[in-house]
Amino acid sequence: MITIRYNGRSYQYKVERVEVTDKEERYKVFTRSDTILFISNRPFFLKKKLKHRAINPTWKVEEGKIKSNSLKEAFIIALNAHLNKPG
């Protein structure tokens, strides 16, 4: 579960890791009416031992629609926080 803050409200969404390769990983976020597939290049940086770069990888939306860039940024911040939390 990730929690995003958008327009002064908090929203919770279920997240599922779909696929991991040497160069990218895919996460599916389940919204109320749609699913959004995000792709990250984090495994590439971890493989190259660039942990400082892997903290904030590049994210792309492969499937689904996001109505604004600020909402996309809120999802990315929440995904990074979810992946970088200890434990």
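Up top you'll find the structure we're talking about.
Residues numbered from 1 in each chain as written. Predicted model: local features only at pLDDT ≥ 70, side-chain atom pairs only at ≥ 80, totals over all residues. Heavy atoms only, no water.

## Topic: the nonpolar core
Consideration 1: Ile2, Ile4, Val29, Phe38, Trp59, Phe75 and Leu79 are the most contacted members of the largest nonpolar core, which has 17 residues in total.
Consideration 2: For this core, the elements supplying multiple residues, two or more each, are strand 1 (2-6), strand 2 (9-20), strand 3 (25-30), strand 4 (35-40) and helix 3 (69-84).
Consideration 3: Setting aside residues up to four positions removed in sequence, Leu79 forms contacts with Ile2, Val15, Val29, Phe38 and Trp59. (Core = buried A, V, L, I, M, F, W, Y, C linked by side-chain atoms within 4.5 Å. Buried < 20%, exposed > 50% of the residue type's maximum accessible area, 1.4 Å probe, protein only. Helix = DSSP H or I, 4+ residues; strand = E, 2+ residues; numbered from the N terminus. Contact = heavy atoms within 4.5 Å.)

## What to know about helix 3
Consideration 1: With 16 residues, helix 3 extends 22 Å from end C-alpha to end C-alpha; this agrees with the ideal 22 Å at 1.5 Å per step.
Consideration 2: The inward-facing, buried residues of helix 3 abut strand 1, strand 2, strand 3, strand 4, helix 1 (42-47) and strand 5 (59-63). (Expected span 1.5 Å × (residues − 1).)

## A word on the environment of Glu25
Consideration 1: Along the chain, Glu25 turns up in strand 3.
Consideration 2: Measuring from C-alpha to C-alpha, the distance between Glu25 and Phe38 comes to 8.3 Å, with 13 residues separating the pair along the chain.
Consideration 3: If sequence neighbours within four positions are ignored, Glu25 has contacts with Arg17, Glu19, Val20, Phe38, Ile39, Ser40, Arg42, Pro43 and Leu83.
Consideration 4: Within the structure, Glu25 has its side chain in polar contact with the side chain of Tyr27 (distance 3.2 Å). (Polar contact = N/O pair within 3.5 Å; in protein donor to acceptor, adjacent residues only side chain to side chain.)

## With respect to the sheet that holds strand 2
In a beta sheet, neighbouring strands pair by backbone hydrogen bonds and run either parallel or antiparallel.
Consideration 1: The sheet built from five strands is open, its strands ordered 1-2-3-4-5 with antiparallel pairing. With partners counted over all chains shown, the strands left at the sheet margins are strand 1 and strand 5, one partner each. Direction aside, the axes of adjacent strands within the sheet are offset by 35° on average.
Consideration 2: Bridge count between strand 1 and strand 2: five bridges; the pairing is antiparallel. Opposite Ile4, over in strand 2, you have Tyr11 as the bridge partner. (Pairing = 2+ DSSP bridges. Axes fitted to C-alpha atoms, helices over the stretch in contact; angles between N-to-C directions.)

Taken by themselves, the reported measurements are silent on function.
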